[in-house]
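# Examination of the molecular architecture
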There are 2 protein chains.
Amino acid sequence: MRAFRVVTCILLAFYFGANAQNKTVAERLGYSADTKLLILHADDLGVAHSENAASITALEKGPLNSASIMVPCSWFPEIASYARNNKAMDFGLHMTLTSEWKNYKWGPVSSKDSVPTLLNKNGYFYALVDSLQNYADPKEVEVELRNQVKKAYRFGIDVTHLDAHMGAAASTPGFTAAYLKVGKEFGLPVLLDGRVYTMNHDSINSLLDEKTVVVDRILSMEPHTYKQGAKQTYTDILENLEPGLTFLLLHPAFDNPEMRAITIEHPDYGSEWRQADYDFLMSDACTEIIKKQNIKMITWREIRDKITREK
Amino acid sequence: MRAFRVVTCILLAFYFGANAQNKTVAERLGYSADTKLLILHADDLGVAHSENAASITALEKGPLNSASIMVPCSWFPEIASYARNNKAMDFGLHMTLTSEWKNYKWGPVSSKDSVPTLLNKNGYFYALVDSLQNYADPKEVEVELRNQVKKAYRFGIDVTHLDAHMGAAASTPGFTAAYLKVGKEFGLPVLLDGRVYTMNHDSINSLLDEKTVVVDRILSMEPHTYKQGAKQTYTDILENLEPGLTFLLLHPAFDNPEMRAITIEHPDYGSEWRQADYDFLMSDACTEIIKKQNIKMITWREIRDKITREK
């Protein structure tokens, strides 16, 4: 049975990876296969005013061209209001199943009674993806993801895509199936890379089809690259970008008392890190490298409308 | 029936207002009736990091001697951690049934399904006390207040009292009965003034007894007094303090990007207002007036332990 599944997966990967008449994602979008396509993306909007304010500035005045929003957080209404009033911007939802900071917490959009396996004894999401993997029922993950999307629509956001906070919603086959299913229900592309074809799970395979868009690579600054500095890290990434569709994610925010208190005792992805992300996005260097490297910026809206919702 | 109730209330007021052998609250606490007793109190802890940070400083380095915490807010874990580690401080709970700011919201501690009449269509508390009065079932108010107290205990807070955010929990007879009942369950004094004796509601009357503590007056800066400046307002209040137990409430916070964004479009009780509260608390003038006017500072812990929990 297991061997059969593996073979099935390989065939699926071969079929859909080379689907739509053997075209790459770039070609399916109307670009040549050797085009360096980039979505320059901010995660974690809604988590804090600092994050909202910095991301909005980087979207309006920098090359940042896409972002995703955490619906369960207290600052969601602020960014939802901005998105509602700036419909041309590319806003997706950062599907949230964890609450990772020490002194600042959130819980589900769903009624707590309907998603008990997603919550700790205090009614908050777990801090760690590992806890979620240990305790969460994928059916409840599906309920919560759907409720986050429905709430975003109720707030008037023209949602362009879904992605996964801390990767949690794509961290097990069961969660990934829920994530894909909810995306499909709302006609939204979901951020995934080629690993989805190797997950070997019937409920995932049944959701993959010719409209599935899988990015060629997901890149970000990591704790070990942060040590060499944000500017060096992102310069290396952008100067060595390979052809195909790259999703580069950052976390721009202002290093201020709010952000320092949220990220207390956690320098990785912390307040200074986020300021460094913002500073790089707003630097002339960032814009110049993108131009010099002949990188073509695209949005999730383009993917959604050209592929996911194509009739 | 109504006339009977009014008579009952007047009798109750007479009996309990002059209860414990006709002693005033001051006398019941062991002070002379002409003592000017003051609880100098900060509301709204937990609403924001700015509010937590300013209130902690005013408690540690200023004359502020009591504060209350909003359990449903995202910053609750930060102040709960502080309270757990500073057991001598006087922390009560700011029973929260409204979410009043435009772009920053919170909902119940309870599962949403169990308190539907307290919530708007987005799962948040109503912005206005008026909406709560129109829609909320007092039974659900009781459920939510109880869950807020239970959560605070789970976080290790030595709760000294309950009070009511925006007065919501004491804004109708039905809510007030729930508020009194929950206070009684946990052996906690609840902030109320003499108006409780005139509410004319059987379920309230049955909860009033010889351990009920009613403050002689609740004072705060109001929008019309704010116009003359915080320093002038509080100086007038403190220089004209009458004998008996006064509860003076402030909202210290730092006027920074977080607080300005929370209180956007709402100068009353806004970011500058809260900074002015902080500045007055931290001024030499505040400490000097309290000393010069021979004001005796007391805490809710003293009231709780000498009266509410007295055997």
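Keep in mind the model is a prediction, meaning the values are calculated, not measured.

## Side note on the overall build of chain A
When helices and strands are tallied, chain A shows 15 helices and seven strands. Taken against the 2.2 N^0.38 rule, which gives 19 Å for 311 residues, the C-alpha radius of gyration of chain A at 19 Å falls within 12% of a compact globule. Taking the principal axes of its C-alpha atoms as reference, chain A extends roughly 55 × 55 × 40 Å. Burial analysis of chain A (311 residues in total) assigns 60% to the buried set. Summed over all atoms, the accessible surface of chain A reaches about 12,500 Å², with 53% contributed by carbon and sulfur. Chain A carries 34 positive and 39 negative side-chain charges, and their two centres are separated by 5 Å.

## So, the environment of E60(B)
Residue and element names in this part refer to chain B. Assignment of secondary structure puts E60 in helix α4 (residues 49-61). Separated by 29 residues in the primary sequence, E60 and M89 have C-alpha atoms spaced 9.1 Å apart. Side chain to side chain, E60 and Y82 meet in a polar contact 2.6 Å long.

## Comments concerning the packing of aromatic side chains
All names here are of chain B. Within the structure shown, the criterion is met by 24 aromatic pairs over all chains. Aromatic pair F247 and W300: ring centres 6.0 Å apart, planes at 55°, arrangement tilted. Of this pair, F247 sits in strand β6 (residues 244-250) while W300 sits in helix α15 (residues 300-308), and the two are 53 residues apart along the sequence. Each of the two residues, F247 as well as W300, counts as buried. Taken together, a centroid distance of 4.4 Å and an interplanar angle of 35° make the contact between Y269 and W273 tilted.

## What about unusual backbone geometry?
Peptide bonds are mostly trans, and most non-glycine residues show a negative phi. Phi at M166(A) takes a positive value of approximately 60°, unusual for a residue other than glycine. Looking at M166(A), the relative accessible area reads 40%, which means it is partly exposed. Positioned with a positive phi, N294(B) is a non-glycine residue whose angle comes to about 60°. With respect to the helices and strands, N294(B) occurs in the loop between α14 (284-292) and β7 (295-297). In this structure N294(B) comes out as exposed when scored by relative accessible area, which is 63%.

## Some thoughts on helix α15 (residues 300-308) of chain A
Residues and elements named next belong to chain A. In terms of burial, α15 is largely enclosed, as seven of its nine residues are buried. Along α15, the positions that sit buried rather than exposed are W300, R301, E302, I303, R304, I307 and T308. Among the structural elements, α3 (25-28), β1 (36-45), β2 (66-69) and β6 (244-250) are those in contact with the buried residues of α15.

## Here's the deal with the pattern of salt bridges
Opposite charge on two side chains allows them to pair when their charged atoms are near. The final tally for this structure, using the stated rule, is 26 salt bridges over all chains. The partner of R146(A) in a salt bridge is E185(A), and the shortest N-O contact between them spans 2.5 Å. Placement of the pair is R146(A) in helix α7 (residues 138-154) and E185(A) in helix α8 (residues 173-185), with a sequence separation of 39 residues. R274(B) is the partner of E51(B) in a salt bridge, and the nearest nitrogen-oxygen pair spans 2.8 Å. Placement of the pair is E51(B) in helix α4 and R274(B) in helix α13 (residues 271-282), with a sequence separation of 223 residues.

## Describing the interface of chain A and chain B
The interface is formed by 28 residues belonging to chain A together with 27 residues belonging to chain B. Between chain A and chain B lies a buried interface of about 2,500 Å² when both sides are counted; carbon and sulfur atoms form 50% of it. Connecting chain A to chain B are zero salt bridges. The tally of links from chain A across to chain B stands at 21 residue pairs in polar contact (both at pLDDT 80 or more). Mapped by element, the contributors of at least two residues to the side of chain A that touches chain B are α5 (76-84), α7 and α12 (257-262) of chain A.

## Let's talk about the pairing of strand β3 (residues 91-95) of chain A
Residue and element names in this part refer to chain A. Burial within β3 is extensive, with five of its five residues counted as buried. Sheet analysis places β2 next to β3, joined by three bridges and oriented parallel. Within the sheet, the bridge partner assigned to S68 lies in β3 and is G92. As paired strands, β3 and strand β4 (residues 162-164) are joined by three bridges and run parallel to one another. Among the inter-strand pairings, H94 is bridged to a residue of β4, identified as D163.

## So, the confidence of the model for chain A
All names here are of chain A. Summarising the model, chain A shows a mean pLDDT of 94, and 93% of its residues fall at 70 or more. Long-range and interchain partners of residues 1-10, a stretch whose pLDDT sits below 50, account for eight contacts in this model, where long-range means more than four residues apart. Predicted complex metrics record ipTM = 0.92 and pTM = 0.94.

## Details of the relation of the copies chain A and chain B
The transformation that overlays chain A on chain B combines an axial shift of 0.0 Å with a rotation of 180°, and the residual RMSD is 0.0 Å. Such values leave the two copies arranged in the relation of a two-fold axis. In terms of C-alpha distance to the rotation axis, chain A has S111(A) as its closest residue, with the C-alpha 2.6 Å off the axis. A share of 96% of the interface residues of chain A reappears at the interface of chain B, consistent with the copies meeting face to face through the same patch.

## Brief notes about α4(B)
Helix length check: α4(B) (13 residues) gives 18 Å between terminal C-alpha atoms against 18 Å at 1.5 Å per residue, within 8%. Where α4(B) is concerned, the buried positions are H49(B), S50(B), E51(B), N52(B), A54(B), S55(B), I56(B), A58(B) and L59(B).

## A few points about the side chain of S55(A)
Residue and element names in this part refer to chain A. Considering the arrangement of structural elements, one finds S55 in helix α4 (residues 49-61). You can call S55 buried: its relative accessible area is 0%. Not counting chain neighbours up to four residues away, the residues in contact with S55 comprise A42, L45, L64 and P252.

## A word on the packing of helix α11 (residues 230-239) of chain B against α13(B)
Residues and elements named next belong to chain B. At a minimum axis separation of 9 Å, α11 and α13 run at an interaxial angle of 50°. Judged by the inter-axis angle, α11 sits oblique to α13. The way α11 lies across α13 gives a crossing that is right-handed. Contact with α11, carried on its side by A230, K231, Y234, T235 and L238, involves A276, D277 and F280 of α13 and no other residues of that element. Residues that form the contact of α11 with α13 fall into these classes: five nonpolar, one polar and two charged.

So, how was this worked out
Once a new chain begins, its residue numbering starts again from 1 and follows that chain's sequence as written. By the order in which they are written, chains take letters starting at A while ligands take numbers starting at 1. The predicted nature of this model means local features are confined to residues of pLDDT at least 70 and side-chain atom pairs, given and counted, to a pLDDT of 80 or more, with totals for whole chains, interfaces and linings taken over all residues. Side-chain measures here rest on the full set of heavy atoms in the structure, leaving out hydrogens and waters. Secondary structure elements follow DSSP: runs of H or I no shorter than four residues count as helices, runs of E no shorter than two count as strands, and numbering proceeds from the N terminus. Taken over C-alpha atoms, the radius of gyration is set against a globule rule of 2.2 Å times the number of residues to the power 0.38. Here the term buried applies to any residue with accessible area under 20% of the maximum for its type, exposed to any over 50%, and partly exposed to those in between, with areas from a 1.4 Å probe on protein chains only. Each accessible area is a Shrake-Rupley estimate made with a 1.4 Å probe; only the visible protein chains count as cover when residues are assessed. Neither His nor the chain ends is counted toward charge; the positive residues are Lys and Arg and the negative residues Asp and Glu. The atoms used to mark charge sites are NZ of Lys, CZ of Arg, CG of Asp and CD of Glu. By the criterion applied in these results, polar contacts are pairs of N or O atoms within 3.5 Å in which, for protein atoms, one can donate a hydrogen and the other can accept it, and in which residues neighboring in sequence qualify only through two side-chain atoms. Centres within 6.5 Å are what make two rings of Phe, Tyr or Trp a pair, Trp counting through its six-membered ring; a difference in plane orientation under 30 degrees is then read as stacked, over 60 as edge-to-face, and the rest as tilted. Contacts: residue pairs with any heavy atoms within 4.5 Å of one another. By definition, a salt bridge exists where a carboxyl oxygen of Asp or Glu is found within 4 Å of a side-chain nitrogen of Lys or Arg. Buried area is a sum: the accessible area each of two parts loses on coming together, probed at 1.4 Å, counted once for each and added. Strand pairing requires that DSSP identify at least two bridges connecting the strands. The predictor reports its confidence for every residue as pLDDT, a score running from 0 up to 100. Residues below a pLDDT of 70 in either copy are left out; the C-alpha atoms of the rest, at least 70 in both, set the least-squares superposition of the copies. Here, expected helix span is obtained from the residue count minus one, scaled by 1.5 Å. To get an axis, fit a line to the C-alpha atoms, keeping to the stretch in contact for a helix; angles then go from 0 to 180 degrees between the N-to-C directions. An angle below 35 degrees is read as roughly parallel, one above 145 as roughly antiparallel, one from 65 to 115 as roughly perpendicular, and any other as oblique. Helix crossings fall into two classes, left-handed where the near helix is turned counterclockwise from the far one by less than a right angle and right-handed where it is turned clockwise. Amino acids are sorted into nonpolar (Ala, Val, Leu, Ile, Met, Phe, Trp, Tyr, Cys and Pro), charged (Asp, Glu, Lys and Arg) and polar (every other residue, Gly among them).

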